[in-house]
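Coordinate inspection notes
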There are 2 protein chains.
Amino acid sequence: MGTAERRQREKEKRRNDIIDAAEKVFFSKGLDGATMEEVAEEAELSKGTLYLYFQRKDDLYGAIAGRAIKLLTARFEEAIARHVRGIERVGAIGDAYIGFYHQYPDYFNALLHHQGHRIEEFTSDNPLEALVKAIRSGIEDGSIKSELDPLKTAVILWGQTSGILQVAYMRCDALKEAYAINPEEIISYCLEMIHSMLKA
Amino acid sequence: MGTAERRQREKEKRRNDIIDAAEKVFFSKGLDGATMEEVAEEAELSKGTLYLYFQRKDDLYGAIAGRAIKLLTARFEEAIARHVRGIERVGAIGDAYIGFYHQYPDYFNALLHHQGHRIEEFTSDNPLEALVKAIRSGIEDGSIKSELDPLKTAVILWGQTSGILQVAYMRCDALKEAYAINPEEIISYCLEMIHSMLKA
DNA sequence: TAATTAAATGACCAATAGTCATATATTAGG
DNA sequence: CCTAATATATGACTATTGGTCATTTAATTA
């Protein structure tokens, strides 16, 4: 009876070890620059074994994106739990997203790579729903304008913040040089804009 | 005297023919799914010839991104020329960007692929500067809030709009299904938000 | 313990980006 | 006009890498 469970657990552990190895290799060399041979070596397994667990290289990257989504969702839920008023919850979620980018830029890139996919392909966690929840609570407690549609607003905030992070960081060298702008200024300017847009 | 010029012209034409062929193949099969052999066949040249003009496959895609930037910049400049007041210019630029996405989604994708690069690597045209120009004119004519920083605002609008287009369209199936949202609603809701954010 | 099942290996394969010796086309100079 | 020099294009080839699968090894079950 216990054998099957242990083996399942071991299989899960192996799967996670492979994903860990892939994170190391993909994050240091880029998805295109990384080879499955290198991942296999990092995992101390043969390349063929990787394909027992993941059908394609991209599926392995998808598993990494799943981790990113789980982590981001947890961060959002923490942000909500730390505040009472909706406007502050949304602000804290914005901060959490930016903190996520700073701490896990490679996870952010993995999310970008997979943004044409449904989140449910990777995990049942959903950061967008956490954001909807926070906006709703703000509308209910009166801290967020009641005329806003929570869902549309959430989608827009999500899109806007992702877009800003992309611009602020992916183009930060060019922006610094041509315009003496630094990314943090763009981020905080944008957060202020969003705040004033939402506040009742 | 005339021979060198004609040859230079022919060389430019060949280069453009190759880019045309690459657009066809890359846009129909995706960058990863497309092979240089297929591009060569579409261009009616040998594969080796492609490498006389472009060092790597990605450089060929970069030339496509350059076209996208030129086109978008032209659209932005037209939007400016069509209006007098800055607030309307910015609105028309927003519409132009969205129209660009609708008409040339593949160009939009090419821009996303290259957003970690400097625009100057591809072309001297710069859509961001057109946007800065429109915002400045709005601040000068009083139709846009004077407390806004034109450059930062432009960067933010650029990032937000790109982010929204990505979310609205790349996730449109999931959003429709889970939430009965359609992309156009998200886009116009967002444009309204931006408008009220800017308007003096 | 032997048979069965599960997991891992590593040699192999096909595809493709990129290379470069060779072939072909064009130009310039006598 | 002809030939040598220069420019351009070709296509066979190479190295690499994602993916495959027959075989080996390990674990479990009867």
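These notes cover the structure that comes with them. (Residues numbered from 1 in each chain as written. Chains lettered and ligands numbered in written order. Predicted model: local features only at pLDDT ≥ 70, side-chain atom pairs only at ≥ 80, totals over all residues. Heavy atoms only, no water.)

Remarks on the relation of the copies chain A and chain B
Each copy superposes on the other: chain A lies on chain B with an RMSD of 0.0 Å after a rotation of 180 degrees and an axial shift of 0.0 Å. As the rotation angle and translation indicate, the two copies are arranged about a two-fold axis. A share of 100% of interface residues in chain A that are also interface residues in chain B marks the association as one of identical surfaces. (Least-squares fit on C-alpha atoms with pLDDT ≥ 70 in both. Contact = heavy atoms within 4.5 Å.)

Some remarks on the interface of chain A and chain B
Facing 38 residues of chain A, the contacting portion of chain B comprises 38 residues. For the pair chain A and chain B, the summed buried surface comes to about 3700 Å²; carbon and sulfur atoms form 64% of the total. Looking only at chain A, the three residues that lose the most surface to chain B are A:Q115, A:R171 and A:Y189, adding up to 17% of its buried area. Connecting chain A to chain B are two salt bridges. The salt bridge involving A:E185 is made with B:K152; its shortest N-O contact spans 2.8 Å. Linking chain A with chain B are seven residue pairs in polar contact (both at pLDDT 80 or more), by the criterion used here. Here the element with the most residues in the side of chain A that touches chain B is helix α8 (residues 150-170) of chain A; it accounts for 13 residues. (Buried area = accessible area lost by both parts, 1.4 Å probe. Salt bridge = Lys/Arg side-chain N within 4 Å of Asp/Glu carboxyl O. Polar contact = N/O pair within 3.5 Å; in protein donor to acceptor, adjacent residues only side chain to side chain. Helix = DSSP H or I, 4+ residues; strand = E, 2+ residues; numbered from the N terminus.)

Examining the protein's contact with DNA strand D
Inspection of the region around DNA strand D gives 19 residues, with A:R6, A:R7, A:K47, A:K57 and B:R14 positioned closest. Close to the protein, within 4 Å, the atoms of DNA strand D belong to sugar or phosphate groups at a rate of 67%. Contacts to DNA strand D include A:K57, whose backbone N or O atom sits 2.7 Å from a phosphate oxygen. In this structure, a sugar or linking oxygen belonging to DNA strand D sits 3.2 Å away from a side-chain N or O atom of B:R7. The set of elements that each furnish at least two residues to the surface near DNA strand D consists of α1 (2-33) and α3 (47-53) of chain A together with α1 (2-33) and α3 (47-53) of chain B. Take the surface near DNA strand D: its biggest share by element is four residues, from α3(B). Across the surface near DNA strand D, the residue classes tally to six nonpolar, five polar and eight charged. (Near = heavy atom within 4 Å. Nonpolar A, V, L, I, M, F, W, Y, C, P; charged D, E, K, R; others polar.)

So far we have only geometry, and geometry alone does not tell us how the molecule works.
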